[in-house]
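Each chain is listed here by its residues.
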Amino acid sequence: MQLRGNWNYPTAIHFGAGRIAELPEAVKFAGIKRPLLVTDPRLAAMPMVAGALDSLRVAAIPCAVFTEVRPNPVASNVEAGVRALREGGHDGVIAFGGGSALDVGKVIAFMAGQTRPMWDFEDVGDWWTRAEPSGIAPIVAVPTTAGTGSDVGRAGVITDESTHTKKVIFHPLMMPKITICDPQLTVGMPPVITAGTGMDALAHCLEAYCGPFYHPLADGIAVEGIRLVKESLARAVRDGQDIEARAHMMAAALMGATAFQKALGAIHALSHPVGALHDTHHGMTNAVFMPYVLVFNRPAIEEKIARLASYLGLSASFDAFLRFILDLREATGVPHTLQGLGVDAAQLDRVVAMAPQDPTAGGNPVPLDECSARAIFINALEGKL
Ligand SMILES: NC(=O)c1ccc[n+]([C@@H]2O[C@H](COP(=O)([O-])OP(=O)(O)OC[C@H]3O[C@@H](n4cnc5c(N)ncnc54)[C@H](O)[C@@H]3O)[C@@H](O)[C@H]2O)c1
Ligand SMILES: [Fe+2]
């Protein structure tokens, strides 16, 4: 079977190895004449960015590069990018990279047309309706990790340094016009980033599936996404050149972000404050919390998880699924405790206060309060399941 296709769930997805060559057409398709390519400094020094710029040059599309993107990006990254976009007279953004560069690129394109400050557009109630939609610049996304699925999402996650909180900036028109998903771009990801980003995709599928709402479409996408992770993540970590495993992980990442419009849950609610306070990798932090949250949620999800386990070819029980998660973590080098991420109890009280307030907490199948957040955090510190 050829691992290639043109899909529209939920935007135009051009999927397949080598398809980065179609970047100039994608830019034209999005109606962009003078793109600003937003990426991070490490990727900017890699041949894939030079190759993309070459292909634009050949197609006579003038393009500048903006690289002020840090992991767990902050507001000043977006502000500097909006200045670069305006000063360079750019009419659209190529968001090129992992979740950090994709999110910054998307929010730059969104903020280009706004007069109100960015935090006015946090994903709270109908705040997005405050935005002036006509000024939002079009976006072409090019993911280089397989995890966040930000390239098929309508939001960007930016850290507010004044409160150390990760905030979601949301607008429906922040959805890229087209995303080029080329698994070839991910072959150079080091094993630790492959593992962390892949576990983020798994966390998206799993939390969406476990969410207590009615959304059979999301559920269907999530279970197949989990199966792809099961078949491919350990392979991609072991052998980065395994293009089939890379392709399946890239698909799983898209599927996770498509499914999580249903819900996320306590894995993300705990991981967001830990990431904002300790600057840990988002997906790796999710991976550490995953089994502790599963056990906490067990009373509400036991039957659902048994059904999932059966689909995955495991014995149809919660315990079989938990064992699979623990084995996958071990096979991909995920630490079993928070200490393994360099996180200690110093910020425990702040994390415990912030987690139930995180917008993802409301999608957890068992209500998450300060008391339960504390218990999960301590279990994750001590490795107690
Ligand atoms: N918008 C969303 O829906 C959404 C969802 C989940 C997570 N996020 C956010 O995404 C961010 C995390 O994104 P991420 O996990 O993709 O990591 P990242 O973008 O921070 O990248 C991690 C590192 O990997 C490097 N890298 C990326 N691609 C590479 C490649 N192909 N080869 C070699 N190195 C490569 C980067 O240069 C960087 O150093 C967090 O800020 C998180 O909050 C957003
Ligand atoms: Fe995530």
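As a reminder, the structure under discussion sits directly above these lines.
Right, let's walk through the structure included here. What you see is a predicted model, and the numbers here were worked out from it, not measured in a lab. (Residues numbered from 1 in each chain as written. Chains lettered and ligands numbered in written order. Predicted model: local features only at pLDDT ≥ 70, side-chain atom pairs only at ≥ 80, totals over all residues. Heavy atoms only, no water.)

Things to note about the sheet that holds strand S3 (residues 35-38)
Spatial strand order, S1-S2-S9-S6-S5-S3-S4: seven strands in an open sheet with mixed pairing. A strand with exactly one partner marks an edge of an open sheet, and here the two such strands are strand S1 (5-7) and strand S4 (64-66). Put simply, the sheet's adjacent strands are angled 20° from each other on average, direction ignored. Where strand S6 (residues 139-143) and strand S9 (residues 178-181) come together, two bridges link them in parallel fashion. Of the residues in S9, the one forming a bridge with Val140 is Ile178. Helix-sheet contacts for helix H4 (residues 75-87) involve S3, S4 and strand S5 (92-97), and the interaxial angle to S4 is about 165°. On the sheet, helix H5 (residues 99-111) packs against S3, S4, S5 and S6 and is oriented at approximately 170° with respect to S5. (Pairing = 2+ DSSP bridges. Helix = DSSP H or I, 4+ residues; strand = E, 2+ residues; numbered from the N terminus. Axes fitted to C-alpha atoms, helices over the stretch in contact; angles between N-to-C directions. Contact = heavy atoms within 4.5 Å.)

Quick word on the pairing of strand S2 (residues 12-15)
Judged by which residues are buried, S2 turns out to be covered on both faces: Ala12 and His14 on one side and Ile13 and Phe15 on the other are all buried. Bridge analysis of S1 against S2 gives three bridges, and the strand direction is antiparallel. Across the sheet, Asn6 pairs through a bridge with His14, a residue of S2. If you look at the hairpin formed by S1 and S2, you'll find four residues sitting between the two strands. Note: S2 against S9, four bridges, orientation parallel. (Buried < 20%, exposed > 50% of the residue type's maximum accessible area, 1.4 Å probe, protein only.)

Considering the environment of Gly188
Position of Gly188 among the secondary structure elements: in the loop between S9 and helix H6 (191-210). For Gly188, a relative accessible area of 53% translates into the label exposed. Taking C-alpha positions, Gly188 is 6.7 Å from Gly240, a pair spaced 52 residues apart along the chain.

Focus on the state of the cysteines
Inspection of the entire model under this criterion finds zero disulfides. The thiol of Cys63 is not disulfide-bonded; the next cysteine sulfur, from Cys181, is found 19 Å away. With no disulfide of its own, Cys181 lies 14 Å from the sulfur of Cys205, the closest cysteine sulfur. (Disulfide = S-S within 2.5 Å.)

Quick look at the environment of Ile108
Structurally, Ile108 is set in helix H5. When sequence neighbours within four positions are dropped, the list of residues in contact with Ile108 reads Val38, Phe66, Val78, Gly81, Val82, Leu85 and Val93.

Concerning the coordination of the iron ion (ligand 2)
Protein-derived coordination of the iron ion (ligand 2) comes from Asp200 (OD), His204 (NE2), His268 (NE2) and His282 (NE2), at a distance range of 2.1 to 2.2 Å. One way to put it: the four donor atoms around the iron ion (ligand 2) meet at angles of 83 to 168°, and that makes the site irregular. (Donors = N, O, S within 2.8 Å, 3.2 Å for Na, K, Ca; no water. Tetrahedral: all angles 85-135°; square planar, octahedral: opposite > 155°, others 65-115°.)

Things to note about the packing of H6 against helix H10 (residues 282-311)
To characterise two packed helices, one gives the angle between the axes of the helices and the distance between these axes. H10 packs onto H6 with a crossing angle of 30° between their chain directions and a minimal axis gap of 9 Å. For the element pair H6 / H10, the angle class is roughly parallel. The interaxial crossing formed by H6 with H10 has left-handed handedness. For the pair H6 and H10, contact is made by Val192, Ala195, Gly196, Met199, Asp200, Leu202, Ala203, His204, Leu206, Tyr209 and Cys210 and by His282, Gly283, Met284, Asn286, Ala287, Met290, Leu294, Ile301, Lys304, Ile305, Arg307 and Leu308, respectively. Its residues assigned to classes, the contact of H6 with H10 shows 15 nonpolar, five polar and three charged. (Parallel < 35°, antiparallel > 145°, perpendicular 65-115°, else oblique. Left-handed = near helix turned anticlockwise from the far one by under 90°. Nonpolar A, V, L, I, M, F, W, Y, C, P; charged D, E, K, R; others polar.)

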